[in-house]
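# Summary of the model geometry
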Amino acid sequence: QLQLVESGGGLVQPGGSLRLSCAASKFTLDYYTIGWFRQAPGKEREGVSCINWRSDSTNYADSMKGRFTISRDNAKNTVYLQMNSLKPEDTAVYFCAAEHRGRCILSPDEYDYWGQGTQVTVSS
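Now for a look at the structure at hand. Please read all numbers here as calculations on a predicted model, not as lab measurements.

## A look at unusual backbone geometry
- Positive phi, close to 70°, is recorded for lysine 26, a residue that is not glycine.
- Mapped onto the elements of the fold, lysine 26 is located in the loop between strand S3 (18-25) and strand S4 (33-39).
- Phi is positive for serine 85, which is not a glycine, with a value near 50°.
- The topology assignment puts serine 85 in the loop between strand S8 (78-83) and strand S9 (92-99).

This is the structure in C-alpha cells:
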C-alpha cells in the first residue's frame, strides 16, 4: 500500500518558519490528493491544508490562510507545506494523508493513507 513519510518538523520561535515535506514510498502520488492535518495533545485532529493532483485546487483552514502555503512536485513525488509567521498555537504533530477520489476536503475521514507525523513546536 501507499506509504507516506513526513519530515521537516522541529523547534522554532514565534514568528519563525518551517517547511514540511511529505514523501511517498512503494507507490507514486499520481492522481492522489494530499492533505495536511495536525493534532495537539488533548485535541482532535484538524485539517490544515490540501492540494489535488493537478495543483488546481487547494484549501486552507481559516487560521492558516496567509501564513501557510501548500505545494507539490510530482516529479519528486513530494508535497510541501511552507509555514510562516508561526504561533505557539501551531504546536502539534503534523500528518500528511492521501486520498484517491480527486477531492480536496479538510476532513480526516476522507483520507485513506497516513504518515506517522512530524512534531512542530513553536516556543520561546
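What follows picks up the thread again.
## A look at the side chain of asparagine 52
- Considering the arrangement of structural elements, one finds asparagine 52 in the loop between strand S5 (46-51) and strand S6 (58-60).
- Not counting chain neighbours up to four residues away, the residues in contact with asparagine 52 comprise Tyr32, Thr33, Ser57 and Arg72.

## Things to note about the state of the cysteines
- Evaluation of the coordinates by the stated rule reveals 2 disulfides.
- Paired by a disulfide, cysteine 22 and cysteine 96 hold their sulfur atoms 2.1 Å apart. Given an S-S torsion of about 70°, the disulfide between cysteine 22 and cysteine 96 has right-handed geometry. Taken together, the positions of cysteine 22 in strand S3 and cysteine 96 in strand S9 put the pair 74 residues apart, joining distant regions of the chain.
- Counting its disulfide-bonded cysteines in sequence order, the protein shows a connectivity of 1-3, 2-4.

## A short note on the packing of aromatic side chains
- Taken as a whole, this structure holds 6 aromatic pairs when the rule is applied.
- Between the aromatic rings of tyrosine 32 and tyrosine 113, the centroid separation amounts to 6.2 Å while the plane-to-plane angle is 75°, which identifies the pairing as edge-to-face. In this pair, tyrosine 32 sits in the loop between S3 and S4 while tyrosine 113 sits in strand S10 (residues 113-114), placing the two residues 81 residues apart along the sequence.
- Judged by its relative accessible area of 12%, tyrosine 32 falls in the buried class.
- Taken together, the ring pairs in this structure connect Phe37, Phe95, Tyr111 and Trp114 into an aromatic cluster.
- The ring of tyrosine 80 carries arginine 19 above its face, with NZ or CZ at 3.8 Å from the centroid.
- We note arginine 45 situated over the ring of tryptophan 114; from NZ or CZ to the ring centre the distance is 4.9 Å.

## A few points about the sheet that holds strand S7 (residues 68-73)
- As summarised here, the arrangement of the 4 strands in space is S1-S3-S8-S7, forming an open sheet in which the pairing is antiparallel. Two strands in the sheet have a free side with no partner beyond their single neighbour: strand S1 (3-7) and S7. Each strand axis lies, on average, 20° off the axis of its neighbour in the sheet, ignoring direction.
- Sheet topology note: the S1/S3 ladder contains 5 bridges and is antiparallel.

Each value, and the rule that gives it
Residues numbered from 1 in each chain as written. Predicted model: local features only at pLDDT ≥ 70, side-chain atom pairs only at ≥ 80, totals over all residues. Heavy atoms only, no water. Helix = DSSP H or I, 4+ residues; strand = E, 2+ residues; numbered from the N terminus. Contact = heavy atoms within 4.5 Å. Disulfide = S-S within 2.5 Å. Phe/Tyr/Trp six-rings, centres within 6.5 Å; stacked < 30°, edge-to-face > 60°. Buried < 20%, exposed > 50% of the residue type's maximum accessible area, 1.4 Å probe, protein only. Lys NZ or Arg CZ within 6 Å of the ring centre and 35° of its normal. Pairing = 2+ DSSP bridges. Axes fitted to C-alpha atoms, helices over the stretch in contact; angles between N-to-C directions.

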